[in-house]
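# Working through the structure, step by step
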Amino acid sequence: MRDPIELEVFKNLYHSIAEEMGAALRRTSFSPNIKERRDYSCAVFDSAGRVIAMGDHMPVHLGSMPMSVAAAVEHGALEPGDIVILNDPFRGGTHLPDITLVMPVYVQKIKSSGRGRPLHTTTEPDFYVASRAHHADVGGTYPGSMGPCREIYQEGLRIPPVKIMRGGKIVADVLALLLNNVRTPEEREGDLGAQIAACQTGARRLTEICGRYGLARTKRAAGELLDYSEEMMRSFLGTVPAGTYRAEDFLDNDGVDDKPVRIAVTLRVQGRSGKSSRAKKRPAAITIDFTGSDPQVQGAINAVEAITVSACFYVFRCLLREDVPATAGLMRPIEVIAPAGTVVNAKPPAAVAGGNVETSQRIVDVLLKALAQAIPDRIPAAASGTMNNLTIGGIDPRTSEPFAYYETIAGGMGARPTKDGVSGVHTHMTNSLNTPAEALEYAYPVRLRRYSFRPGSGGRGLHIGGDGIVREIEVLTEAQVTLLADRRSRGPYGLSGGADGAPGRTVIVRQDGSEQEIPGKTSIRLRSGERVRVESPGGGGWGGPDKTGKA
């Protein structure tokens, strides 16, 4: 019989470990992208590599991280003190700037047998911990490693699962190989060190908890959290009306061919089913089928399978109560079909930098659009639907060394069935912050000229979509500016008669004051004193003008 009090205690214990790992990573990191924007995630896994706790970090990282852990485990035996590094999108990664570290946790010498020997010995790890962080540069054609490339080889250094630490010591040759292929090696080394510290923090806390409660009890609670999460997801799915729900949405283009890229989904909801059983695997309560989505494209907006699964995890986790543990058990009742070779499950050598940041957002949009047919009182209108990825790189005149700046820029949140959307906020698959002006200008040769809301960009309706923002940056040296963004040709959709939000736009302001609007996916050279102004999309409105929510 499950003890609900003990379950709640362990849920919070495991979650606190993931949160403390994130805090350690943030405090010890070097780059503003991690320290200020908090573009990182940490999680705790059981001995089978199933996630049992996630920090309140980046959804696009967290839902896909179990595949990275699985790839690290498949790589070979992991001994105490080992840490595996990887970023390969086709081996559980997302895109190349997201580097994942996976560490096994062996709980040793919990309690002495009286003869100086540990009571627990094992040849397999008792847990795993993992940290993922977006590194501001991992080499490739464009500074920031987020450009409009056509194959993954142009996007940066691709790291298969390999040990960065062995027996508690850095593998110097592997580290040297990595640092020799990036523009900012000191910053990369500092951020990798912060990720290592985060993993070591998680390992220490797990060992302490096992010392307090005993290994068997601690691992049993992890299994019960998985089962409880599954039960809560099945319970929710049982409240969704049975049926088939279809939706489609489009990315503007892939940056190569100027035509929309279709993402289609069919949700098949089975309705209520019986209680959970450990003895027999139960059928899926819902099938999420992306058949009908466009084939993978030439440009960099291809999403790998890990991204698509991550987006599905995020959407259905959001529909549960906040106190439901975010574990692998949530996906047990959910079957995801993502046909290989499509834009939602691309195969090598596809370019994938934008799949993580742009296509993931559109997958969320299309899932919510389909769910709005089944549970309209729970689903908001579309948010800005783009992370507005901006990278700036060149030679810093203050140091004569290369620099690479990267950030995502917030937009408007979609209006909800009961209230307006929020303005100027990161939504859905991103959970980061904007870089503060002070940190931005201190770290890079740039000046923030404007940072404001974009009035009137939210869609009208009974409830109004949140406004986007305007962010204008002046470069103080010659620099390469690269943009990877979407929702430029069509705004985020409204629901129940609400109007669409305003599409985004990006403008280059030249030295003579003339303005040039640029595409959402492009790279351009700026001279010192020139500016880039990003105007992000507003969220869609909800409810028609008759104030009833009807069109």
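None of the values given here were measured: they were computed from a predicted structure.

## Description of the layout of surface pockets
As a volume, the largest pocket reaches approximately 1,100 Å³. Tyr314, Arg317, Cys318, Leu319 and Glu322 are, among the 43 residues lining the largest pocket, the residues nearest its centre. Only helix H1 (4-28), strand S2 (51-54), helix H3 (59-62), helix H8 (305-318) and helix H9 (353-374) provide two or more residues apiece to the lining of the largest pocket. Ranked by residue count, the leading element in the lining of the largest pocket is H8, at 5 residues. Of the residues belonging to the lining of the largest pocket, the class tally is 24 nonpolar, 10 polar and 9 charged. Put simply, the second largest pocket is a space of about 510 Å³. Going through the elements one at a time, helix H6 (185-213), strand S13 (401-407) and helix H10 (437-443) are the ones with two or more residues in the lining of the second largest pocket. At 4 residues, the largest contribution of residues to the lining of the second largest pocket is made by S13. Looking at the lining of the second largest pocket residue by residue, the class counts come to 9 nonpolar, 2 polar and 6 charged.

## Quick look at the pattern of salt bridges
Inspection of every chain in the model, using the stated rule, returns 39 salt bridges. Arg234 is paired through a salt bridge with Glu230; the nearest N and O atoms lie 3.1 Å apart. With Arg234 and Glu230 both in helix H7 (residues 215-237) and 4 residues apart, the pair spans about one turn of that helix. Looking at Glu230, the relative accessible area reads 7%, which means it is buried.

## Comments concerning the sheet that holds strand S7 (residues 169-170)
Here 7 strands make up an open sheet; going across it, the order is S2-S1-S5-S4-S3-S6-S7 and the pairing antiparallel. With one partner strand each, in any of the chains shown, S2 and S7 form the two edges of the open sheet. Summarising the sheet, strand S3 (residues 83-86) and strand S4 (residues 98-105) pair through 3 bridges and their orientation is antiparallel. If you follow Val84 over to S4, its bridge partner there is Val102. On the sheet, H1 packs against strand S1 (40-46), S2 and strand S5 (127-134) and is oriented at approximately 145 degrees with respect to S1. Against the sheet, helix H5 (residues 172-179) makes contact with S3, strand S6 (162-166) and S7, and its axis sits at roughly 125 degrees relative to S6, the strand it touches most.

## What about the nonpolar core?
Counting 133 residues, the largest nonpolar core has Tyr14, Val44, Phe290 and Phe316 as its most contacted members. Of all the elements, H9 adds the most residues to this core, at 11 residues. Ignoring any residue separated from it by four or fewer positions in sequence, one finds Phe316 in contact with Met233, Phe236, Leu237, Ile286, Ile288, Ile334 and Leu371. If you look at the next biggest cluster of nonpolar residues, it comprises 23 residues, including Leu390, Ala479, Val481 and Val534.

## As for the pairing of S3
The alternating pattern of S3 places Ile83 and Ile85 and Val84 and Leu86 on opposite faces, both of which are buried. By the bridge criterion, 3 bridges tie S3 to S6 in an arrangement that is antiparallel. Its bridge partner being in S6, Ile83 is matched across the sheet by Met165.

## As for empty space enclosed by the protein
This model, assessed by the stated rule, comprises 3 cavities of 30 Å³ or more. In this structure, the largest cavity encloses a volume near 80 Å³. Forming the boundary of the largest cavity are Ile85, Ile99, Val138, Leu157, Ile159, Leu178, Leu179, Val182, Arg188 and Leu192. Those elements that place two or more of their residues in the lining of the largest cavity are H5 and H6. Class assignment of the residues belonging to the lining of the largest cavity gives a composition of 9 nonpolar, no polar and 1 charged. By volume, the second largest cavity amounts to about 60 Å³. Residue lining of the second largest cavity: 13 residues in total, with Asp39, Met58, Asn356, Val357 and Met387 positioned closest to the centre. A per-class count over the lining of the second largest cavity returns 5 nonpolar, 5 polar and 3 charged.

## Quick look at the sheet that holds strand S16 (residues 479-484)
Picture the strands of a sheet paired through backbone hydrogen bonds; they go either parallel or antiparallel. Read from one edge of the open sheet, 4 strands run S13-S12-S16-S19, paired in antiparallel fashion. Each of the sheet's edge strands pairs with one partner strand only, and the pair in question is S13 and strand S19 (521-526). Between one strand and the next, the sheet's axes are offset by a mean angle of 15 degrees, whatever the strand orientation. With 7 bridges connecting them, strand S12 (residues 389-396) and S13 associate as antiparallel partners. Among the inter-strand pairings, Gly394 is bridged to a residue of S13, identified as Phe403. Against the sheet, H9 contacts S12, S13 and S16, and its axis sits at roughly 50 degrees relative to S16.

Conventions adopted
- Residues numbered from 1 in each chain as written.
- Predicted model: local features only at pLDDT ≥ 70, side-chain atom pairs only at ≥ 80, totals over all residues.
- Heavy atoms only, no water.
- 1 Å grid on protein atoms, 1.4 Å probe; cavity = no way out; pocket = protein on both sides within 12 Å on 5 of 7 lines; lining within 4 Å.
- Points joined across faces, edges and corners; volume = space filled by probe spheres on them.
- Helix = DSSP H or I, 4+ residues; strand = E, 2+ residues; numbered from the N terminus.
- Nonpolar A, V, L, I, M, F, W, Y, C, P; charged D, E, K, R; others polar.
- Salt bridge = Lys/Arg side-chain N within 4 Å of Asp/Glu carboxyl O.
- Buried < 20%, exposed > 50% of the residue type's maximum accessible area, 1.4 Å probe, protein only.
- Pairing = 2+ DSSP bridges.
- Contact = heavy atoms within 4.5 Å.
- Axes fitted to C-alpha atoms, helices over the stretch in contact; angles between N-to-C directions.
- Core = buried A, V, L, I, M, F, W, Y, C linked by side-chain atoms within 4.5 Å.

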